[in-house]
Amino acid sequence: MTTFDDILEEAGKFGRCQKRIFGLLCMVSMPWAGVYVGIVFQGFTPEHWCRDPDVAALSKSCGWSPLETRRLAVPLENRSGETVRSTCQRYDVDWNATGLACDRTEVDLSKAPLASCKHGWEYDYEGRQSFVTEFDLVCADSWLVDMYQATLNVGFLVGSIATGYLADRFGRKISFLMSNVLNGIMGILVAVAPNYVSLLVFRALYGFGIKGGWVVGYVLITELVGVEYRRTVGVLYQMFFSVGIMLLPLLAYYITDWRWLQVVITVPYILFLSYYWFIPESPRWLLSQNNSAKAVEITEAIAKENGKTLSKKIETLRDDNAETSNPSFMDLVRTPRMRKHTLILSFVWFTSAVVYQGLIMRLGILGGNVYIDFLISGLVEFPAAFLILFTIERIGRRLPFATANIVAGAACFITAMLPDSLFWLKTTVACIGRLGITMSFEMVVFVNTELYPTFVRNFGVSVCSTLCDVGGIVAPFMLYRLAVIWLELPLIIFGSLSFVAGGLVLLLPETKGIPLPDTIDDIEFPERAQENIELKKQQLDNLLATSPSTDVKDPVAV
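I will try to describe carefully the structure that is included in this document.

Criteria and cut-off values
- Residues numbered from 1 in each chain as written.
- Predicted model: local features only at pLDDT ≥ 70, side-chain atom pairs only at ≥ 80, totals over all residues.
- Heavy atoms only, no water.
- Disulfide = S-S within 2.5 Å.
- Helix = DSSP H or I, 4+ residues; strand = E, 2+ residues; numbered from the N terminus.
- Buried < 20%, exposed > 50% of the residue type's maximum accessible area, 1.4 Å probe, protein only.
- Polar contact = N/O pair within 3.5 Å; in protein donor to acceptor, adjacent residues only side chain to side chain.
- Contact = heavy atoms within 4.5 Å.
- Patch = residues over 30% accessible without salt bridge, like charges linked within 9 Å, V, L, I, M, F, W, Y side chains within 5 Å.
- Areas by Shrake-Rupley, 256 points an atom, 1.4 Å probe, with all protein chains shown as cover.
- Salt bridge = Lys/Arg side-chain N within 4 Å of Asp/Glu carboxyl O.
- Core = buried A, V, L, I, M, F, W, Y, C linked by side-chain atoms within 4.5 Å.
- Phe/Tyr/Trp six-rings, centres within 6.5 Å; stacked < 30°, edge-to-face > 60°.
- Axes fitted to C-alpha atoms, helices over the stretch in contact; angles between N-to-C directions.
- Parallel < 35°, antiparallel > 145°, perpendicular 65-115°, else oblique.
- Left-handed = near helix turned anticlockwise from the far one by under 90°.
- Nonpolar A, V, L, I, M, F, W, Y, C, P; charged D, E, K, R; others polar.
- Expected span 1.5 Å × (residues − 1).
- Bend = angle between axes of the 7 residues up to and from the residue.

Some details on the state of the cysteines
Evaluation of the coordinates by the stated rule reveals 2 disulfides. Here C50 engages in a disulfide with C117; their sulfurs sit 1.8 Å apart. What sets the handedness of the C50 and C117 disulfide is the S-S torsion sign, and at about -65 degrees it is left-handed. Taken together, the positions of C50 in strand β1 (residues 48-50) and C117 in the loop between β5 (114-116) and β6 (121-123) put the pair 67 residues apart, joining distant regions of the chain. For C50, a relative accessible area of 9% corresponds to the buried category. Linked covalently through their sulfurs, C88 and C139 form a disulfide whose S-S length is 2.0 Å. Because the torsion about its S-S bond is -100 degrees, the bridge between C88 and C139 counts as left-handed. Taken as a pair, C88 in the loop between β3 (82-85) and β4 (89-91) and C139 in the loop between α8 (131-135) and α9 (143-170) lie far apart in primary sequence, 51 residues in all.

Pasting the structure below:
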């Protein structure tokens, strides 16, 4: 019997074919960035104030600018200890009786009664139209903006589970393509939604396909390469999300209408349907479905493109991952160490999502140049992938993982405490926080896989990562509602979560140089597993000592 990994030794572990497929699938990560954090531009809330028809008519006849109109006719209020023009209240007066005129602009309205906005709002658009300005999602309705991001993450939560099942049931390729069909349809429906309720429904369905398709792409490329390349292609696959983060502000700068920006973000998903002709089904999945003939056909095509020739071992190709046990949630919590791993990893997934999304969405409420700030924050994500690849085999997993969370937490606290006058220092520290939480987000994926035994590994990652989507649902409410109380309050919460996550990661075992566990006993009794490894090594040494010319493979490496 021959395993697929054995055949890859002959066909090429990461040859021309796999590199071509890897390059194509990396493109999938880029538009996902626009979907994931596009709210910063699509949900932009500009300066606004109550619309008053009488004031508007007077402003038009007098030729006042919006700034002059706002200064004369909008009341003052105290917000976070600062006196600013009100966004949600107006003077409840008869403007014809106040004496305000083109030649008389100084009127004492300090004792005039106030009322809520009755005729909608005026916006200082700053050259950008968002769904906030189109549907008047301000003041009492401002919380509805949070729903735009929350419904997307609800779609992520349901879609990643459903698509994962479909990918195991019907195949990686067909699930990927069907996800993109849904993405294309729902993305366009989001762009043409006639009202906010339909927008949220389409947005949730959009999220259903987006994350599921991305995860299937991740699984497909890692199944097509040799074992030693899986972690590298996985980290680099995620890194292209950062490329999308950098491209988004450039697109948003030139496409100022949120509906057209949505169309541009969606178009790549329609183009990905052409992958039907360019990417194969996973031979590993075909083998798990006892479809050896098709698996052999695809493997031979891979070898041909890589310029390799296969031996007759291909005729005995079989599934090397056949599972005899059906995993259940109880497997993840029944025993002490498995329970500890599950709880800690779930919390880290939650924290990574909350802090990562929160720090990005925060750029939209700071009042600076959101395009430059967003571009800079995208640039600082790039070193994350390279720092991970550089440190995990030299230092290990646990220390860089914990350090990334602690650095992110410290950066959040420091940024919150620095005065606005130290703008560049504050921006630099915030960028370091983004780097830290990006590292954490990228590391939790493969650390999670190394802390579960084979039969429950995929299921365990799926369960823990659902907390990522729960964090995504919570993040917008935590950011936007707490920022109303104090702009820096969300950073204090983010910092606290990251510190706790960093401390908890230190309670996890180091997995550097440790073979992947096969059973729950390997997790619960690691010293016993290590003794078995040492025993195998000793047996191998004895065998080599008695038969030095025999070609024997290291059973531990195998």
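Observations concerning the side chain of R397
Turning to its location among the elements, R397 is positioned in the loop between α19 (382-391) and α20 (398-417). For R397, the side chain forms a polar contact with the main-chain oxygen of I392, separated by 3.0 Å. For R397, the side chain forms a polar contact with the side chain of E450, separated by 3.0 Å. Discounting residues that sit within four places of it in the chain, R397 has contacts with R231, I392, M443, F446, V447, E450, E510, T511 and K512.

Some details on unusual backbone geometry
A positive phi is found at C139, a non-glycine position, where the angle reads about 55 degrees. Within the chain, N290 stands out as a residue other than glycine whose phi angle is a positive 60 degrees. Tracing the sequence through the fold places N290 in the loop between α14 (283-288) and α15 (292-305). According to the relative accessible area criterion, N290 is exposed, its value standing at 70%.

Re a nonpolar patch on the surface
Together, Y165, L166, F170, I174, M178, V181 and I185 make up an exposed nonpolar region whose accessible area comes to about 660 Å². Of all the secondary-structure elements, those providing two or more residues to the nonpolar patch are α9 and α10 (172-192). Counting residues per element, the nonpolar patch draws most heavily on α10, at 4 residues. Among the structural elements, Y165 can be located in helix α9. For Y165, a relative accessible area of 52% puts it in the exposed group.

With respect to the nonpolar core
Counting residues in each nonpolar core, the largest one holds 127 residues, and the members touching the most others are L25, F131, Y196, L199, F374 and F494. Counting residues per element, this core draws most heavily on helix α17 (residues 336-362), which supplies 13 residues. Once you skip the residues sitting within four places of it in the chain, Y196 turns out to touch F131, F135, L137, L144, V145 and Y148. The next biggest cluster of nonpolar side chains, apart from the first, holds 6 residues, and it includes A73, Y91, W95 and L109.

Observations regarding the packing of aromatic side chains
Under the counting rule described, the total for this entry stands at 28 aromatic pairs. Ring geometry for F241 versus Y356: centroids 6.2 Å apart, planes at 55 degrees, classification tilted. Highlighted residues: F241 in helix α12 (residues 227-254) and Y356 in helix α17, separated in sequence by 115 residues. The same class applies to F241 and to Y356, which are both buried.

Observations regarding the environment of N153
Tracing the chain through its elements places N153 in helix α9. The class of N153 is buried, set by a relative accessible area of 0%. Spatially, the C-alpha atom of N153 lies 8.5 Å from that of F208, the residues being 55 residues apart in sequence. Setting aside chain neighbours within four positions, we find N153 in contact with Y36, Q357, D469, G472 and I473. From its side chain, N153 meets the backbone oxygen of Q149 in a polar contact 2.9 Å long.

Quick notes on the packing of α12 against α19
Orientation of α12 relative to α19, taken along the N-to-C sense of each, is 165 degrees, at an axis distance of 8 Å. One finds that α12 runs roughly antiparallel with respect to α19. Considering the relative orientation of α12 and α19, their crossing is right-handed. Every residue of α19 that contacts α12 at T232, V235, L236, M239, S242, V243 and M246 is listed here: F382, A385, F386, I388 and L389. Residues of the contact of α12 with α19, tallied by class, amount to 10 nonpolar, 2 polar and no charged.

Overview of α12
Here α12 spans 43 Å end to end across 28 residues, near enough to the 40 Å set by a 1.5 Å rise per residue. L247 marks where α12 bends most, by close to 25 degrees; the proline P249 follows one to four residues later.

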